[in-house]
Amino acid sequence: MMVSENDLVQIKLMLVGSNKMFLSMAEPKNDLPAVIVLGNSSFLKLYGEQFSSKFKLLKPWESSLPLNQFITTHAQSVQAMLCSGGTRVTPSLLSQLPSLRVIVTTSAGLNHMDLDECRRLGISVANAGTIFSEDVADFAVGLLIDVLRKISAANRFVNNGLWPIHGDYPLASKVGGRKVGIVGLGSIGLEVAKRLEAFGCIISYQSRKKKPVYYPFYPDVHELATKCDVLVICCALTDQTRHLINKEVLLALGKEGIIVNIARGAIINEMELVQCLVQGEIAGAGLDVFENEPNVPDELLSLDNVVLSQHVAFLTEDSFQDLYELMSGNLEAFFLTKPLLSPVLDD
């Protein structure tokens, strides 16, 4: 088929127009709302591209400027911050961002943030809410089962070729029927209770105030420990809960006692915990968090009655997808002047 010169001109014009449209689509969208990002977390590495389609992310680690200078560069314009749980949000940092109006943190815990200063400055705060509660509760129960049934220790026994040499591994302990005290009956603590109740465990709890549940309540954690043979730590880290679990509480738990911590490491006096484990004052521990992360006391590494993990109780593909939707939803709500989805402080 012959193509006329006029047809060729029309085709060229169409191609030029399509190319301009493609280039326009490929160009970065400079009119997106700006969000300063502090803390290059694994969550952002997975979902950074999706965030970038909605917001102009200001990422210090991609800049050649020192952090303070980078912040100063954007100080007068940036209104929103996305941060990880490892980012210290201090009065000093907030003073560098006078235009800041909202902070969205990817963590459920808030011990990394000065909420009083945020409140004073009229800065709204949103967190992960209850996104991680079920996954963390699953992990807490998994740690308890592992410690009692010696799953990780038995795995090492088999992998090290000790079965043919030493015969059967020593007997483990039953999960059902355990008297479990939950320290902090928030959303995670309630999920832990629900799961362990299904195992036939007897649940009681300690919390800042009594909850509308039928589990026995103990206002004092030491008294709770005397009534239980398992403690599961689910409370937030505050000035009041730092080293809440000390040697006296551990001794009250007793030589058959097990402690599980999926909250924050500093809630337990780690040095005293190590001493009690080494000296056989308690029977074992399942620890996902530590007082000076990522440093773990050497003494814990060789104990078969201790199960360790690297602060990963909340990490699942499912929870991260839900977290992305919640974090982006909070930021979108702020820029559209709508209520935050998971507010902690809402000015």
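Scope of this entry: the structure provided in the associated data block. Predicted model, so just to flag it, every value in this text is computed and none were measured.

1. Description of the overall build of the protein
Next, step 1: Along the protein, the regular secondary structure elements total 14 helices and twelve strands.
Next, step 2: Overall, the protein is about 90 × 60 × 40 Å in size when its C-alpha atoms are taken along their principal axes.
Next, step 3: Taking all 347 residues of the protein together, 44% fall into the buried category.
Next, step 4: Within the protein, counting contacts between residues at least 6 apart in sequence, those at least 24 apart form 57% of the total.
Next, step 5: Of the roughly 18600 Å² that the protein leaves accessible, carbon and sulfur atoms contribute 54%.

2. What about the packing of aromatic side chains?
Next, step 1: For the coordinates displayed, the defined rule picks out twelve aromatic pairs.
Next, step 2: With a centroid separation of 5.9 Å and 80° between ring planes, the pair formed by Phe43 and Phe51 is classed as edge-to-face. An identical accessibility class is assigned to Phe43 and Phe51; each is buried.
Next, step 3: What links up through ring pairs into an aromatic cluster is the set Phe43, Tyr47, Phe51, Phe55, Phe320, Tyr324, Phe334 and Phe335.

3. Structural notes on a negative patch on the surface
Next, step 1: Judged by side-chain charge, Glu317, Asp318, Asp322 and Glu325 come together as a negatively charged surface patch.
Next, step 2: Following the sequence through the fold, Glu317 ends up in helix α14 (residues 317-335).
Next, step 3: Classification of Glu317 as exposed rests on a relative accessible area of 72%.

4. Side note on the sheet that holds strand β11 (residues 306-308)
Next, step 1: Spatially, the six strands line up as an open sheet ordered β7-β6-β8-β9-β10-β11, and their pairing is parallel. Strands with a single pairing partner mark the edges of an open sheet, and in this sheet they are β7 (202-206) and β11. Averaged over all adjacent pairs, the angle separating strand axes in this sheet is 15°, with direction ignored.
Next, step 2: With four bridges connecting them, strand β9 (residues 258-261) and strand β10 (residues 284-287) associate as parallel partners. Directly across from Asn261, in β10, lies its bridge partner Leu287.

5. Things to note about the layout of surface pockets
The method is simple in principle: a probe with the dimensions of a water molecule rolls over the atoms, and the space it marks as empty is what remains.
Next, step 1: If you add up the space inside the second largest pocket, you get close to 190 Å³.
Next, step 2: Taken together, Val147, Leu148, Lys150, Tyr169, Ser173, Arg178, Glu256, Ile258, Ala283, Asp304 and Asn305 make up the full set of residues lining the second largest pocket.
Next, step 3: Residue classes in the lining of the second largest pocket are distributed as five nonpolar, two polar and four charged.

Conventions we followed
Residues numbered from 1 in each chain as written. Predicted model: local features only at pLDDT ≥ 70, side-chain atom pairs only at ≥ 80, totals over all residues. Heavy atoms only, no water. Helix = DSSP H or I, 4+ residues; strand = E, 2+ residues; numbered from the N terminus. Buried < 20%, exposed > 50% of the residue type's maximum accessible area, 1.4 Å probe, protein only. Contact = heavy atoms within 4.5 Å. Areas by Shrake-Rupley, 256 points an atom, 1.4 Å probe, with all protein chains shown as cover. Phe/Tyr/Trp six-rings, centres within 6.5 Å; stacked < 30°, edge-to-face > 60°. Patch = residues over 30% accessible without salt bridge, like charges linked within 9 Å, V, L, I, M, F, W, Y side chains within 5 Å. Salt bridge = Lys/Arg side-chain N within 4 Å of Asp/Glu carboxyl O. Lys, Arg positive; Asp, Glu negative; His and termini not counted. Charge placed at Lys NZ, Arg CZ, Asp CG, Glu CD. Pairing = 2+ DSSP bridges. Axes fitted to C-alpha atoms, helices over the stretch in contact; angles between N-to-C directions. 1 Å grid on protein atoms, 1.4 Å probe; cavity = no way out; pocket = protein on both sides within 12 Å on 5 of 7 lines; lining within 4 Å. Points joined across faces, edges and corners; volume = space filled by probe spheres on them. Nonpolar A, V, L, I, M, F, W, Y, C, P; charged D, E, K, R; others polar.

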